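So the chains spell out like this:
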Amino acid sequence: MRKLLLAFICLFVSIAYVNAQNAVQFKDTVIRINDTLAELDIHATIQKGAALFSTQKMGSDTSFISSFQPDTSLAKYIRATDTIAEAGTLQTTQDATLDATLHYYTDSVTFKIPLHISSSEEAIVKGKFSWFAKNGDDFPTGEENILVPLVKANTTASNTQNISSTDVTKGNTSLLKIFWIGLGFGLIAVFTPCVFPLIPVTVSFFLKRSKSRSEGIRNAVTYSLSIILIYTVPTFVLTKIFGDSIMYTIATSAVSNLLFFAIFVIFAISFFGAFELTLPSSWATKADSKASKGGIIGIFFMALTLVIVSFSCTGPFIGSLLPQVSSANAQAGLSAVMGILGLSVGLAIPFSLFAFFPSLLHALPKSGGWLNSVKVVFGFVELAMAMKFLSSVDLIYGWHLLNRDVFLSIWIVLSLLTGIYLLGKIKFSHDSDLKFVSIPRLFFAIAFFTFGVYLIPGLWGAPLKSLSGILPPESTQDFNLNDLQYKIGSASNAATASVSTAKAEPPKFLADKIKAPLGLTTYFDLDEGMAAAKALNKPVMLDFTGYSCTNCRKMEGEVWSNPDVLKRLKNDFVIISLYTDEQTSLQPSQVYKDKNGRTIATVGDKYLDYEKTKFGLISQPLYMFLDLKGNPLSDEKYSYDPDIQKFINHLDEVKKKFEEGNK
């Protein structure tokens, strides 16, 4: 076991070391030369001992050169006769081994690309610099993504304060919750056709092959620990290489959500029996051949074989788990590790449990057609979950293809179809004949029918609070009877509110794209909201949220909708909702780089950077309360909490502090 652990540590160190060895570092800037010409400067700092190849094509050999590929949006600013100027000490050598003449830089160099653009224009300069270098016997290569704002003459790009911040953790409770979610996924995955039949076979193998019962138990525990390591270590390595932000990116990226949608649909079709999704058979063959060696290494490869051959059943559970733990918070990377750890523990538990208590093996139900039925039911569930990811993409881009009523219609149909299938009224090609409906099958059918019927009132606007975090916002529904109460309430208060609200400008930015929940007036731009707060002399409730934020929708549906909370939000505060996954591009004059040198080019990136630098968190939802100068009225970083009275108390406290400060 010690050797196995050492091997994993060596693997991690090797990957981390390779990832850290960047032969070239870049800094990109764009400057004005005159009224008609600008220049993109790509400055490269080269690691000692390395050599960066030039972009110049000298002679017939073009194998060892770097290059710049401008974005199509730059085509009108670049002329065919333009060349890239290079400011640096160019060196030339004849390499006999490569049989080529090499032109390179060994210290630093600046590549200068002319851009023919009027001083009255502004643009986002985009492109890719494909670099090629030599470092000893290695030839590292890579791409530098260029994204730099070019503002109009006499205009300074606005920046956000780069306040030093420390990621603030949210405590062990949330991580423990994520572990239990993963454990639940793992235990459910045990009851799939790829895993369940292997439990009695594997446990019996260890007990019979071992010289004593204690040795058999020890081998089974080693097998279980190997399963946990195989799942958890790669996840840990990935989060260390790409950082915690990789999980936040997965959670909020439209591309990631669209990819998850496609994957879930494919898995669902596979579960319905159209085809079998498997990892390459050669992987299983090689792992199986190693397993025959015996000892700890042999047991490890037996576990690896299980992981590979069961992928078609466990893969969807991993795919389902990752988006659940990819919440936007400072512990996103650790959350992923904890979630996968829980899943792997759930998968591994039965192999050790039945080794300790082998008599329980006789109580296991026999494998049969019921396992395939479980797989088909999972297929329906996968389709339902796929809609959640597509809904996030729909909200981000504002397509309005999957509004709440359409989403609910799909879920209702899927729920009813699942119930009908469980009653044996639908049969797939690989299903066994169903002679009668068993009691467990009947109860599961009742559960799915009940769920489908529960969803039906939502088509007319029923809040469905228990699902508020999963369903699209009520504001996306065309016909919503529940929304009438807020409209009627707004109309009855219009006369008394008109005098005060006339002092503030109505929301403009993103108001045509986002509809505020519960009839509230919400601003989606910090400057607009602060101006309204000053005009109305009210404190600000800063709401960091997102289209794909499950807990944000739950807070709105379960807490904000409470009459006492809603009354306070309407009368006592100016709400500013900042969507950290909003994809609208910033104006070139607003694009800037954060303290880590990352280019902030979208509205969502700007809000996320503001949240991180101002409050030291990457978390949605996050509710911060500000006075008219933008200073926090409370040090508490109020996040998701379904306790209504606690939220009411917090609102009253910050309002009281605001009023005391205005005396």
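In this report, we go over the structure that sits alongside the text. What you see is a predicted model, and the numbers here were worked out from it, not measured in a lab.

**Focus on the packing of aromatic side chains**
What describes a pair of aromatic rings is the distance from one ring centre to the other and the angle between the planes of the rings.
Line of reasoning, step 1. Summed over the entire model, instances satisfying the criterion amount to 26 aromatic pairs.
Line of reasoning, step 2. With a centroid separation of 5.8 Å and 10 degrees between ring planes, the pair formed by Phe64 and Phe132 is classed as stacked. A residue pair is termed long-range when its members are at least 10 positions apart, and Phe64 in the loop between β3 (50–53) and β4 (67–70) and Phe132 in strand β9 (residues 123–135) qualify at 68 residues.
Line of reasoning, step 3. A relative accessible area of 18% means that Phe64 is categorised as buried.
Line of reasoning, step 4. Between Trp411 and Phe451, the aromatic rings sit 6.2 Å apart at their centres with planes inclined by 45 degrees, giving tilted as the arrangement. Taken together, the residues Trp411 in helix α12 (residues 404–422) and Phe451 in helix α13 (residues 439–455) connect sequence positions 40 residues apart.
Line of reasoning, step 5. Overall, the relative accessible area of 7% leaves Trp411 in the buried class.
Line of reasoning, step 6. Residue classification places Phe451 among the partly exposed residues on the basis of a relative accessible area of 28%.
Line of reasoning, step 7. Here the aromatic cluster, defined as three or more aromatic residues joined through ring pairs, consists of Phe26, Phe111, Phe129 and Trp131.
Line of reasoning, step 8. Across the ring face of Tyr421, the terminal group of Arg441 is positioned such that the distance to the ring centre comes to 5.7 Å.

**Thoughts on the side chain of Glu86**
Line of reasoning, step 1. Take Glu86: it is sitting in strand β5 (residues 85–88).
Line of reasoning, step 2. Here the side chain of Glu86 touches Ser54 through a polar contact of 2.8 Å, side chain to side chain.
Line of reasoning, step 3. In terms of polar contacts, Glu86 uses its side chain to reach the side chain of Tyr105, at 2.5 Å.
Line of reasoning, step 4. When residues no more than four places from it in sequence are discounted, the contact partners of Glu86 are Ser54, Thr55, Gln56, Tyr105, Val109, Thr110 and Phe111.

**As for the sheet that holds strand β12 (residues 540–545)**
Line of reasoning, step 1. Strand order across the open sheet formed by four strands is β11-β13-β12-β16, with mixed pairing between neighbours. The strands lining the two open edges of the sheet, one partner per strand, are β11 (522–523) and β16 (622–626).
Line of reasoning, step 2. Pairing of β11 with strand β13 (residues 574–579), which is carried by two bridges, proceeds in the parallel orientation. Looking at β13, one finds that Tyr523 is bridged to Ile576.
Line of reasoning, step 3. Strands β12, β13 and β16 of the sheet are contacted by helix α19 (residues 603–615), whose axis makes an angle of about 120 degrees with β12.

**Things to note about the sheet that holds β5**
Line of reasoning, step 1. Across the sheet, four strands lie side by side as β1-β2-β8-β5; this open sheet has antiparallel pairing. Both outer strands of the open sheet, β1 (24–32) and β5, are each paired with one neighbouring strand and no more. Strand-to-strand, the axes of this sheet are offset by a mean angle of 20 degrees, without reference to chain direction.
Line of reasoning, step 2. Pairing geometry for strand β2 (residues 38–46) and strand β8 (residues 108–115), over eight bridges, is antiparallel. Considered in β8, the bridge of Thr45 is made with Ser108.

**Here's the deal with empty space enclosed by the protein**
Line of reasoning, step 1. Tallied over the full model, the rule gives two cavities of 30 Å³ or more.
Line of reasoning, step 2. Of the voids in this model, the largest cavity is the one considered here, and its volume is about 70 Å³.
Line of reasoning, step 3. Every element with two or more residues in the lining of the largest cavity is listed here: α11 (369–397) and α17 (550–560).
Line of reasoning, step 4. Ranked by residues supplied to the lining of the largest cavity, first place goes to α11 with four residues.

**A word on the nonpolar core**
Line of reasoning, step 1. Ranked by internal contacts, the top residues of the largest apolar core, which has 29 residues, are Ile199, Tyr223, Ile227, Tyr231 and Leu347.
Line of reasoning, step 2. When residues of this core are traced back to their parent elements, those giving at least two are α2 (172–190), α3 (198–209), α4 (213–242), α8 (295–309) and α10 (332–356).

**What to know about α12**
Line of reasoning, step 1. With 19 residues, α12 should cover 27 Å at 1.5 Å per step; its first-to-last C-alpha distance of 27 Å lies within 8% of that length.
Line of reasoning, step 2. Considered for burial, the residues of α12 that qualify are Arg404, Asp405, Phe407, Leu408, Trp411, Ile412, Leu414, Ser415, Thr418, Gly419, Tyr421 and Leu422.
Line of reasoning, step 3. Looking at the residues trailing α12, positive phi occurs at Gly424, about 85 degrees.

**Let's talk about the pattern of salt bridges**
Line of reasoning, step 1. Counted under the stated rule, the structure contains twelve salt bridges.
Line of reasoning, step 2. For Arg553, the salt bridge identified is with Glu556, shortest N-O distance 3.1 Å. Of this pair, Arg553 and Glu556 both sit in helix α17, separated by three residues, roughly a single helical turn.
Line of reasoning, step 3. Note on Arg553: relative accessible area 6%, which makes it buried.
Line of reasoning, step 4. For Glu556, a relative accessible area of 10% translates into the label buried.
Line of reasoning, step 5. Taken together, the salt bridges that share partners define one network made up of Glu39, Asp41 and Lys112.

**Quick word on unusual backbone geometry**
Line of reasoning, step 1. With phi around 60 degrees, Leu518 is a residue other than glycine that occupies positive phi space.
Line of reasoning, step 2. By the element assignment, Leu518 lies in the loop between α15 (494–501) and β11.
Line of reasoning, step 3. For Leu518, a relative accessible area of 10% puts it in the buried group.
Line of reasoning, step 4. A positive phi is found at Asn537, a non-glycine position, where the angle reads about 55 degrees.

**Some thoughts on the environment of Asp641**
Line of reasoning, step 1. Take Asp641: it is sitting in the loop between β16 and α20 (644–661).
Line of reasoning, step 2. Spatially, the C-alpha atoms of Asp641 and Val559 are 8.6 Å apart, while their sequence positions differ by 82 residues.
Line of reasoning, step 3. Look past the residues within four positions of Asp641 in its chain and what remains in contact with it is Met555, Val559 and Lys646.
Line of reasoning, step 4. A distance of 3.0 Å separates a polar atom in the side chain of Asp641 from the backbone nitrogen of Asp643.
Line of reasoning, step 5. Side chain to side chain, Asp641 and Lys646 meet in a polar contact 2.9 Å long.

**Considering the state of the cysteines**
Line of reasoning, step 1. Tallied over the full model, the rule gives one disulfide.
Line of reasoning, step 2. For Cys549, the disulfide goes to Cys552, at an S-S distance of 2.1 Å. Judged by the sign of its S-S torsion, about 80 degrees, the bond between Cys549 and Cys552 is right-handed. Side by side, Cys549 and Cys552 carry an identical accessibility label, which is buried.

**Re the pairing of strand β6 (residues 91–95)**
Line of reasoning, step 1. The pairing of β6 with strand β7 (residues 100–105) spans five bridges and is antiparallel. Within β7, the residue paired with Gln94 across the bridge is Thr101.
Line of reasoning, step 2. Once β6 ends, the chain turns through four residues before running back antiparallel as β7, passing Asp99 with a positive phi of about 55 degrees.

Calculation notes
- Residues numbered from 1 in each chain as written.
- Predicted model: local features only at pLDDT ≥ 70, side-chain atom pairs only at ≥ 80, totals over all residues.
- Heavy atoms only, no water.
- Phe/Tyr/Trp six-rings, centres within 6.5 Å; stacked < 30°, edge-to-face > 60°.
- Helix = DSSP H or I, 4+ residues; strand = E, 2+ residues; numbered from the N terminus.
- Buried < 20%, exposed > 50% of the residue type's maximum accessible area, 1.4 Å probe, protein only.
- Lys NZ or Arg CZ within 6 Å of the ring centre and 35° of its normal.
- Polar contact = N/O pair within 3.5 Å; in protein donor to acceptor, adjacent residues only side chain to side chain.
- Contact = heavy atoms within 4.5 Å.
- Pairing = 2+ DSSP bridges.
- Axes fitted to C-alpha atoms, helices over the stretch in contact; angles between N-to-C directions.
- 1 Å grid on protein atoms, 1.4 Å probe; cavity = no way out; pocket = protein on both sides within 12 Å on 5 of 7 lines; lining within 4 Å.
- Points joined across faces, edges and corners; volume = space filled by probe spheres on them.
- Core = buried A, V, L, I, M, F, W, Y, C linked by side-chain atoms within 4.5 Å.
- Expected span 1.5 Å × (residues − 1).
- Salt bridge = Lys/Arg side-chain N within 4 Å of Asp/Glu carboxyl O.
- Disulfide = S-S within 2.5 Å.

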